[in-house]
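The residues making up each chain are set out below.
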Amino acid sequence: MVVTRFAPSPTGYLHIGGLRTALFNWLWARKNSGKFLLRIEDTDLSRNSEDAMKAILEAFDWVGLNYDEEPIYQSKRFDIYKKYIDKLLQEGKAYKCYMSKEELDKLREEQIARGERPRYDRRYRDFKGTPPAGVKPVIRIKAPLDGVIEFEDGIKGKIKIDASEVDDFIIARSDGSPTYNFVVAIDDYLMGLTDVIRGDDHLYNTPKQLVVYNALGFKPPKFYHVPLIHNEKGKKLSKRDGALDVMEYKKEGFLPEALINFLVRLGWSHGDQEIFSIDELLELFDPKDINKSASSYNLDKLLWLNAHYIKNSSNERLVKLLKDFGVDLEESDKIDEILEATKSKAKTLKDLAAEIKKILTEPKEYDKKAIKKAFKGEAKELLEEFLEELKRAKPKTKEEYHNILQDFVAKKEIGFGKIGQPLRVALIGNLSGPGLDEAMYIIGLDEVERRVEKVLEEIE
RNA sequence: GGCCCCUUCAUCUAGCGGUCCAGGAUGCAAGGUUUUCAUCCUUGUCACAGGGGUUCGAGUCCCCUAGGGGUCACCA
């Protein structure tokens, strides 16, 4: 049985890098009919994990990720960690260190001044004397003094790190609270994890966690360190990089399946395939196909994917989605016409809403260049004549509008643009937009006449 | 700086020693369809970081150099 997890720290919202990691874990668990667990890494009590959890679940819900069992909060498990700390202490695998923060800082400074790598000098590792008064000790774990710590990474292959790189790191602070690398190892083991897929930035934590596994006699899971997503500047995505909050994408009019498809293709691939449904991913995903190198966030591709998914969405769904963007088509009897006229122009739902409003609402102003371009020569007279034609024929269907236009062009022996351009400016205010027959049909005869009359006044 | 990881078009990537004068996608450009715009279709543009090996043969294996990234807390 495959058991994976997503273990964010409570930073307030789920960002897209985190979502990708979660997605990889989720896919792998689901593909293998395993379990996908959630855990909040809130050993640092100053952060609000309730709100963070809410934000994460909101995002999960939007993109369609679910999880098994109850989420685990590390802040509620201190007694468990305490037990293991005592055990290590008793077995002599961990020890109390009475070095104060100030002393440590001083040591570090000296080491840096000497050009050495700053690290704890293990001075209390075998300390037998009487401890200094008034110092609350931290607990440090005994890391191996020599040799190499190695493990097989599911993505990068064999990773070897010299034991000298891992010092006797702190597993419990002077206030008794346990630290990250210690609790991660314990929980990953206790939760029965078989596969840990996490960001590359955790690569260095793995040997430390292995020290814990080793001291406790736990069997470690398989690790996969996925390369990070870089921003446009080639650096690790950080909070300063703008739209990182997953929910921000919802607000901007992205479809969850577009985001998922985009994210999964950042680092993972399956031959030349670009478009993946969730079902396909569930079929095809394997962490062994994840790239070794970092990838950059590229908005153009996301936009393209989003446009693709919008074009392929049912009108029924779009109507529902559009409500969040100020367009309510629920009562309209021309839903299909409206959407077919606008769908292909939109990269986001926001765009789509704007396109629709462009047709549905009378133009507030006319694009100056468009006016100039459209109303050259006899354009005004032609438009006036066309208006008369409309009033006379009273078209009702899209086909009738189409025929009126065609007949008019034929009768006057003009190119379509001669009437098309001024008409379009009259209807939507500029030169690009939906087909005129469908636009007029959607707008309705009375309103079409009004808009035409209005533009005619405007150019007096 | 130490250590670790990485390096194919601008970007995401295929490639797992010969079928690659390197394929797909996005972007960009041109053309076609069209009632403008968009869609769609076609074509084009653009890359194996550099240098050494190994091999009959290297984008693919090894080494070095360069570049990029990550990480070095009583944060997670």
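Residues numbered from 1 in each chain as written. Chains lettered and ligands numbered in written order. Predicted model: local features only at pLDDT ≥ 70, side-chain atom pairs only at ≥ 80, totals over all residues. Heavy atoms only, no water.

**Student:** Can you walk me through the protein's contact with RNA strand B in this structure?
**Tutor:** The immediate surroundings of RNA strand B are formed by 62 residues, with Arg173, Lys235, Gly267, Ser344 and Lys345 found nearest. For RNA strand B, the fraction of atoms within 4 Å of the protein that belong to sugar or phosphate moieties is 69%. Note that a base nitrogen of RNA strand B is positioned 3.5 Å from one of the backbone N or O atoms of Lys101. Between RNA strand B and Asp272 there is a distance of 2.8 Å, counted from a base nitrogen to a side-chain nitrogen or oxygen. Considering every element that reaches the surface near RNA strand B, the biggest residue donor is helix H10 (residues 299-311), with four residues. Residues that form the surface near RNA strand B fall into these classes: 16 nonpolar, 22 polar and 24 charged. (Near = heavy atom within 4 Å. Polar contact = N/O pair within 3.5 Å; in protein donor to acceptor, adjacent residues only side chain to side chain. Helix = DSSP H or I, 4+ residues; strand = E, 2+ residues; numbered from the N terminus. Nonpolar A, V, L, I, M, F, W, Y, C, P; charged D, E, K, R; others polar.)

**Student:** How should the nonpolar core be read in this particular structure?
**Tutor:** Soluble, globular proteins show a tendency: their nonpolar side chains are buried together. Counting 101 residues, the largest nonpolar core has Phe60, Val246, Leu322, Leu383, Phe386, Leu423 and Val455 as the members making the most contacts within it. The greatest single-element share of this core, amounting to nine residues, is contributed by helix H1 (residues 16-31). Not counting chain neighbours up to four residues away, the residues in contact with Val246 comprise Leu14, His15, Ile16, Leu19, Ala59, Trp62, Val63 and Leu259. Ranked by size, the runner-up nonpolar core spans 35 residues in total, among them Tyr81, Ile141, Val183 and Val212. (Core = buried A, V, L, I, M, F, W, Y, C linked by side-chain atoms within 4.5 Å. Buried < 20%, exposed > 50% of the residue type's maximum accessible area, 1.4 Å probe, protein only. Contact = heavy atoms within 4.5 Å.)

**Student:** Please explain helix H6 (residues 205-216) as it appears in this structure.
**Tutor:** The α-helix advances 3.6 residues per turn, and as a result positions three or four apart in sequence lie on the same side. Counted at 1.5 Å a residue, the expected span for H6 with its twelve residues is 16 Å, and the 17 Å between its end C-alpha atoms agrees. When you tally the buried positions in H6, you get ten out of twelve residues, the bulk of the element. Among all positions in H6, only Asn205, Thr206, Pro207, Gln209, Leu210, Val211, Val212, Tyr213, Ala215 and Leu216 are buried. (Expected span 1.5 Å × (residues − 1).)

**Student:** What is the right way to look at the packing of aromatic side chains in this model?
**Tutor:** Given two aromatic rings, their pairing is described by the distance between the two centres and the angle made by the two planes. Tallied over the entire structure, the rule returns 15 aromatic pairs. Ring centres of Tyr84 and Phe218 lie 5.7 Å apart, and the angle between their planes is 80°; on these two criteria the pair is classed as edge-to-face. In this pair, Tyr84 sits in helix H3 (residues 78-90) while Phe218 sits in the loop between H6 and strand E10 (222-226), placing the two residues 134 residues apart along the sequence. Look at Phe218 and you get buried, because its relative accessible area is 11%. (Phe/Tyr/Trp six-rings, centres within 6.5 Å; stacked < 30°, edge-to-face > 60°.)

**Student:** What's the story with the pairing of strand E9 (residues 195-199) in this structure? I'm lost.
**Tutor:** Looking down a regular strand, the side chains alternate between one sheet face and the other. With respect to burial, E9 is a largely interior element, five of its five residues being buried. Where E9 and E10 come together, five bridges link them in parallel fashion. Counterpart to Asp195 in the pairing with E10 is Lys222. (Pairing = 2+ DSSP bridges.)

**Student:** In this structure, what is going on with the side chain of Arg77? I would like to understand it.
**Tutor:** With respect to the helices and strands, Arg77 occurs in the loop between strand E3 (72-73) and H3. The contacts of Arg77, once residues within four sequence positions are left out, are Ile72, Asp187 and Leu190.

**Student:** Looking at this structure, I do not really get the sheet that holds E3. What am I missing?
**Tutor:** In a beta sheet, neighbouring strands are held together by backbone hydrogen bonds and run either parallel or antiparallel to one another. Spatial strand order, E1-E2-E3: three strands in an open sheet with parallel pairing. The sheet is open, and its two edges are formed by strand E1 (3-6) and E3, each paired on a single side. Bridging between E1 and strand E2 (residues 35-40) involves four bridges; their strand directions are parallel. Along E2, the bridge assignment pairs Thr4 with Phe36.

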